[in-house]
Amino acid sequence: MPGWLTALRDLIADASPLRRAMLALLVVLPFAALGAAWFWFNPAEYRVLYPKLSDRAGGEVLVALDQLDIPYRLSAEDGRIEVPAGAVHVARYRLAAQGLPRTDEALRAQAEDAPRFGASSQQEQQRLQRALEAELARSVQTLEPVEFARVHLALPKVSPFLRDATPATAAVLVRLQPGASLSPEQVATIQTLVAASVPRLARSDVQVFDPRGMQHSAAAAETVESPRMALERELAQRVRAVLAPWLGADRVTVQVTATLDDSETRRTVERVRNVTVGGQTRPLEKTVQTTVLPEGRLARLDAIVVLDFEATREVRLRATQLARQALGYTAARGDTLNVYVLPAAGQGQDAVEPPVADAAVPAQPEAAADVRPVSIPPLRAQDTPPAADPRLLGALALLLVLAGAAGWAWSRRRPAVAVAEAADDFDTLLDAARDQTLDNPRVTADVIKLWMRA
């Protein structure tokens, strides 16, 4: 044995009990300090078992962890439950086997599913409403940014003695995931989901809030289009669909303005059929007819068609006719339709031709690059007959007189709407005669002189 070990043994043997205890402490204390330092710098890793539970559900989980001898700790910030990293999955499996944790909705559903005897119809209605609210909340929570949701429904009582039932309303409270946000499209989805699940609930009556009390809006996702705007857009598309294959989509501009009647009109007509018996007149039959004109009906239509090329008058007349048919033009309603032609390159603003009134005279368009040539070429300025021949204007004047007489005679037998259309046709012919007169004033003067001499 080495000499220093022998000396140490003799020292311990000759030492008093106090010195022996101090020597033992000197030997054990460094090892204890090293162990404590190791545990201090290498603490046990804890992981979150459940992020946040209600007081009732959290208490049930803590009692179960004590029974399972699984260490845990509570976070002072938000009350989350943490367990050692190696025991997370074991704790979850063993708690799930006991049906934990249970949410407040699950506890409420369990209580509501219990058999009830002697419950009133009002209590049953409230139970069904709470069940519907819970189902809607679970559906809203399936959205990716939503962590928690609550739905509150205000369902007024339906009574057969009320003519207009009070509409239902709803409020949705959502708590989002950390760092998440609801887009306007997702807000609109929540509103549509809730409104489609509840009778007499409009989407505009569903309000979405966050825990801070701020309301989420879906205005940015909605493209609100009034019935008037939708009608104007549809009518403009109809006119473009008719004119574009003929004239070209980039050469036609259509603008439609519709006037709708925003009030509901009721028209009641009472007819009494009288009969004379013995010199006395008595009512024999009484008929009451009520006509309801719905709200939002079309009251008037104003349309403008702009042709972005140097179109002849025949092309404008044909474009007017096609546009009238596409719009459902009604003269008795006060509808207006004007066709304008933009000035050609190098011409001033004064060169813009006047609008063409509503016409019914068919004509073929000029051959364009994107339109196949027609068999009958249109009438152009260089193709007009010589202006010096007065027989042309004489025949035209006679045609106008005959057309006016025929229109007057025909209007005596047609209803008001047909009279208005005949007047439009007559105005078209008169407009054409006026243009011929302005183009050939000398010939017109000669024809008038011949009439006066005759």
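Residues numbered from 1 in each chain as written. Predicted model: local features only at pLDDT ≥ 70, side-chain atom pairs only at ≥ 80, totals over all residues. Heavy atoms only, no water.

1. Here we look at unusual backbone geometry
As a rule of thumb, non-glycine residues mostly have phi less than zero, and peptide bonds are mostly trans rather than cis.
Turning to step 1, where the next piece is worked out: A cis geometry characterises the amide bond from Leu-100 onward to Pro-101, with omega recorded as -5°.
Turning to step 2, where the next piece is worked out: Structurally, the position occupied by Pro-101 is in the loop between helix 4 (88-97) and helix 5 (104-113).
Turning to step 3, where the next piece is worked out: Even without being glycine, Asp-69 reaches a positive phi, approximately 55°.
Turning to step 4, where the next piece is worked out: Tracing the backbone through its elements, the reader meets Asp-69 in the loop between helix 3 (55-67) and strand 2 (73-74).
Turning to step 5, where the next piece is worked out: Unlike most non-glycine residues, Arg-200 shows phi in positive territory, near 60°.
Turning to step 6, where the next piece is worked out: Relative to the elements of secondary structure, Arg-200 occurs in the loop between helix 7 (184-197) and strand 6 (206-209).
Turning to step 7, where the next piece is worked out: When its relative accessible area of 39% is taken as the criterion, Arg-200 is described as partly exposed. (Helix = DSSP H or I, 4+ residues; strand = E, 2+ residues; numbered from the N terminus. Buried < 20%, exposed > 50% of the residue type's maximum accessible area, 1.4 Å probe, protein only.)

2. Section: the packing of aromatic side chains
Turning to step 1, where the next piece is worked out: In this structure the tally under the stated criterion is 0 aromatic pairs.
Turning to step 2, where the next piece is worked out: For the cation-ring pair, Arg-251 lies above Phe-309, with the distance from its terminal atom to the ring centre recorded as 4.0 Å. (Phe/Tyr/Trp six-rings, centres within 6.5 Å; stacked < 30°, edge-to-face > 60°. Lys NZ or Arg CZ within 6 Å of the ring centre and 35° of its normal.)

3. Thoughts on the nonpolar core
Turning to step 1, where the next piece is worked out: Of all hydrophobic cores here, the largest spans 26 residues; its most connected members are Val-239, Val-256, Val-305, Leu-307 and Leu-327.
Turning to step 2, where the next piece is worked out: Elements represented by at least two residues in this core include exactly helix 8 (227-247), strand 8 (252-261), strand 11 (297-307), helix 9 (313-327) and strand 12 (336-341).
Turning to step 3, where the next piece is worked out: In terms of residue count, helix 8 provides more of this core than any other element does, 6 residues in total.
Turning to step 4, where the next piece is worked out: Filtering out sequence-adjacent residues up to four positions away, Val-256 remains in contact with Glu-232, Leu-235, Ala-236, Leu-301, Asp-302, Ala-303 and Leu-327.
Turning to step 5, where the next piece is worked out: Ala-149, Val-151, Val-198 and Val-206 belong to the second-largest nonpolar core, a separate cluster that totals 23 residues. (Core = buried A, V, L, I, M, F, W, Y, C linked by side-chain atoms within 4.5 Å. Contact = heavy atoms within 4.5 Å.)

4. A look at the packing of helix 6 (residues 121-141) against helix 7
Turning to step 1, where the next piece is worked out: Interhelical geometry of helix 6 versus helix 7 gives an angle of 155° and a closest axis separation of 11 Å. As judged from the angle between their axes, helix 6 and helix 7 are roughly antiparallel. Of the two elements, helix 6 crosses helix 7, and the hand of that crossing is right-handed. Where helix 6 approaches helix 7, its residues Leu-132, Leu-136, Ser-139 and Val-140 are matched on the opposing element by Ile-190, Leu-193, Val-194 and Ser-197.
Turning to step 2, where the next piece is worked out: When grouped by side-chain class, the residues that make up the contact of helix 6 with helix 7 number 6 nonpolar, 2 polar and no charged. (Axes fitted to C-alpha atoms, helices over the stretch in contact; angles between N-to-C directions. Parallel < 35°, antiparallel > 145°, perpendicular 65-115°, else oblique. Left-handed = near helix turned anticlockwise from the far one by under 90°. Nonpolar A, V, L, I, M, F, W, Y, C, P; charged D, E, K, R; others polar.)

Read these as spatial facts, not as claims about activity.
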